[in-house]
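Residue strings, one per chain:
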Amino acid sequence: MHNAQKEYGLTDQIDGGLESKSKLDNRYVLDLYEDMLLGRNFEDMCAQMYYRGKMFGFVHLYNGQEAVSTGIIKAMRESDYVCSTYRDHVHALSKGVSPRLVMAELFGKETGCSRGRGGSMHIFSAPHNFLGGFAFIGEGIPVALGAAFQSLYKQQVLGKQQDMDVTAVFFGDGTTNNGQFFECLNMAVLWKLPVIFVVENNQWAIGMAHHRASSTPEIYKKAAAFGLPGVEVDGMDVLAVNSAAQKAIERARTGRGPTLIEALTYRFRGHSLADPDELRSKQEKEAWINRDPIKRLKSYIINSEIAEESVLDDISKKIKIQIDDAINFALTSPDPDVEDLYKYIFAD
Ligand SMILES: Cc1ncc(C[n+]2csc(CCOP(=O)(O)OP(=O)(O)O)c2C)c(N)n1
Ligand SMILES: [Mg+2]
């Protein structure tokens, strides 16, 4: 076993999931449920609006992967940073960006979180330390390293903070075959940066099956070459992801360096809303849909008597109201003014 792995106290698998006996605060579990449901409902509404012609360009939905966003981001604090991909709406919602501002951005409206200039792949919010939204795969990883470096510098050189803010960077299985991933693992370990690399291994990169594209399909094992802990976690189990995240965050915050978390997950829809999704087999899709992370958490909540069905129904109603409000806000918001075409290109 690698040294960093030993220090982290983890082998291949993580404990603390839906099957574990350890008890979490009931309110906390319901908050995780609410966040996942918000993500799912938001994305379903996006699909409707896209096909009604309200959104333009490519739109990549996150259905099926909610346990990863919720499990990781809800373990972070407000001042921590998140770096996303083009599949970014739900990461932004988990980080606290209002559904109104994300929906308005998708509609290209002036009130959107990127002033309508970014669209689906460029969700950004400085007040939430949400650093994007990147159309190029792997592009967020070096940006995350920069964010982590400034946290380290603030604490260790400027002496401004007692502990460090942590940066979580999300990316897909396909992206881990890019050079930036390896370069950044190396530098993050070398400088002991407070960063968490979160691989959302949804088994596919557009139409390329992961096992056909990677020399070692178990991505978490690649961490050993660089000397950081690599952890594999069930990405359809929000409690397991949350447990892995808490350990990694604690490690990063206290100056012990980065962690790589590989969450095994699946996207329930095509690569983007323009993808006919003809390459993945029906059996494969069904097997993963049976492990729907929201349904699994719902059963866990009911079976362990955390809450009754009516409480979950109320959460569902609350979210529907929130989504309707976001749609109304986006529909009634103004388009950017043509006069402002060159605004926001450079920082003031
Ligand atoms: C640098 C770069 N090369 C190629 C592409 C085209 N491209 C868009 S998505 C994608 C696959 C990414 O798959 P993965 O990292 O597994 O993420 P997922 O879509 O599954 O979330 C590729 C190759 C791109 N966006 N950027
Ligand atoms: Mg993928």
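Residues numbered from 1 in each chain as written. Chains lettered and ligands numbered in written order. Predicted model: local features only at pLDDT ≥ 70, side-chain atom pairs only at ≥ 80, totals over all residues. Heavy atoms only, no water.

1. Digging into the packing of helix α6 (residues 140-156) against helix α7 (residues 179-190)
(1) Moving on: Two elements in contact, α6 and α7, have axes whose closest approach is 9 Å; the angle formed by their N-to-C orientations is 15°. Considering their axes alone, α6 and α7 lie roughly parallel with respect to each other. Between α6 and α7 lies a crossing of left-handed hand. Contacts from I141, P142 and L145 in α6 reach Q180, F181, C184, M187 and A188 in α7.
(2) Moving on: Residues that form the contact of α6 with α7 fall into these classes: 7 nonpolar, 1 polar and no charged. (Axes fitted to C-alpha atoms, helices over the stretch in contact; angles between N-to-C directions. Helix = DSSP H or I, 4+ residues; strand = E, 2+ residues; numbered from the N terminus. Parallel < 35°, antiparallel > 145°, perpendicular 65-115°, else oblique. Left-handed = near helix turned anticlockwise from the far one by under 90°. Contact = heavy atoms within 4.5 Å. Nonpolar A, V, L, I, M, F, W, Y, C, P; charged D, E, K, R; others polar.)

2. Section: unusual backbone geometry
(1) Moving on: Cis geometry marks the peptide bond from G132 to G133; its omega dihedral reads 25°.
(2) Moving on: Among the secondary structure elements, G133 is positioned in the loop between α5 (99-106) and α6.
(3) Moving on: Phi is positive for I206, which is not a glycine, with a value near 50°.
(4) Moving on: The residue I206 is located in the loop between β4 (204-205) and β5 (208-209) in this model.

3. Topic: the UniProt feature "domain: Dehydrogenase E1 component" (unreviewed entry) in the protein
(1) Moving on: Cross-referencing UniProt, the feature "domain: Dehydrogenase E1 component" (unreviewed entry) maps to residues 35-338 in the present numbering.
(2) Moving on: Strand forms 10% of residues 35-338 and helix 43%; the C-alpha atoms that close the span are 36 Å apart. (UniProt positions renumbered as here; feature names shortened; annotations may be inferred.)

4. Digging into the pattern of salt bridges
Note on pairing: side chains with opposite charge can pair once their charged atoms come close.
(1) Moving on: For the structure on display, the rule yields 20 salt bridges.
(2) Moving on: Where E34 meets K318, a salt bridge forms, and the shortest distance between an N and an O atom there is 2.8 Å. On the criterion of sequence distance, the pair formed by E34 in helix α2 (residues 26-51) and K318 in helix α12 (residues 309-332) is long-range, its members being 284 residues apart.
(3) Moving on: Under the relative-accessibility criterion, E34 is labelled buried at 15%.
(4) Moving on: Notably, a salt bridge pairs R77 with D80, separated by 3.9 Å at the nearest N-O pair.
(5) Moving on: Residue classification places R77 among the partly exposed positions, given a relative accessible area of 27%.
(6) Moving on: Several salt bridges share partner residues, and in doing so they unite R77, D80, D163, D165 and R253 into one network. (Salt bridge = Lys/Arg side-chain N within 4 Å of Asp/Glu carboxyl O. Buried < 20%, exposed > 50% of the residue type's maximum accessible area, 1.4 Å probe, protein only.)

5. Concerning α5
(1) Moving on: For α5, the tally of buried residues reaches 6 of 8 residues, placing the bulk of the element in the interior.
(2) Moving on: Within the sequence span of α5, burial applies to P99, V102, M103, A104, E105 and L106.
(3) Moving on: Buried positions along α5 lie against α2, α4 (89-94) and α12.
(4) Moving on: Of the residues flanking the start of α5, the one acting as N-cap is S98, its side-chain oxygen 3.0 Å from the backbone nitrogen of R100. (Polar contact = N/O pair within 3.5 Å; in protein donor to acceptor, adjacent residues only side chain to side chain.)

6. Brief notes about the environment of G140
(1) Moving on: Within the secondary structure layout, G140 lies in helix α6.
(2) Moving on: Sequence spacing of G140 and V169 is 29 residues, and the spatial spacing of their C-alpha atoms is 7.0 Å.
(3) Moving on: Beyond its immediate chain neighbours, meaning those up to four positions away, G140 contacts C83, F134 and V169.

7. Comments concerning the site of ligand 1
(1) Moving on: Ligand 1 sits among 14 residues. The nearest are Y86, R87, G174, T175 and N202.
(2) Moving on: Isolated, ligand 1 exposes 590 Å² of accessible area, and the fraction of that covered by the protein chains is 72%.
(3) Moving on: The residue makeup of the shell around ligand 1, split by class, is 7 nonpolar, 5 polar and 2 charged. (Near = heavy atom within 4 Å. Areas by Shrake-Rupley, 256 points an atom, 1.4 Å probe, with all protein chains shown as cover.)

8. Re the coordination of the magnesium ion (ligand 2)
(1) Moving on: All of the protein donors around the magnesium ion (ligand 2) are D173 (OD), N202 (OD1) and W204 (O); their distances to the metal are 2.1 to 2.2 Å.
(2) Moving on: Donor residues for the magnesium ion (ligand 2), ordered by position in the chain, follow D-x28-N-x1-W. Taken together, the positions of D173 in the loop between β2 (167-172) and α7 and N202 in the loop between β3 (195-201) and β4 put the pair 29 residues apart, joining distant regions of the chain.
(3) Moving on: Using a relative accessible area of 1% as the deciding quantity, one classes D173 as buried.
(4) Moving on: A relative accessible area of 5% means that N202 is categorised as buried. (Donors = N, O, S within 2.8 Å, 3.2 Å for Na, K, Ca; no water.)

9. Re the pairing of β3
(1) Moving on: Taking burial as the measure, the 7 residues of β3 include 7 buried ones, the bulk of the element.
(2) Moving on: Here β3 shows a buried face lined by V195, F197, V199 and N201 and a second buried face lined by I196, V198 and E200.
(3) Moving on: As judged from the 6 bridges shared by β2 and β3, these two strands associate in the parallel manner. Opposite F171, over in β3, you have V199 as the bridge partner.
(4) Moving on: Assessed by its sense of winding, the connection that carries the chain from β2 through α7 to β3 is right-handed.
(5) Moving on: Across 6 bridges, β3 lies against strand β7 (residues 259-264) in parallel orientation. Pairing of F197 across the sheet is with L260, part of β7. (Pairing = 2+ DSSP bridges. Right-handed = clockwise from strand over helix to strand, strands pointing away.)

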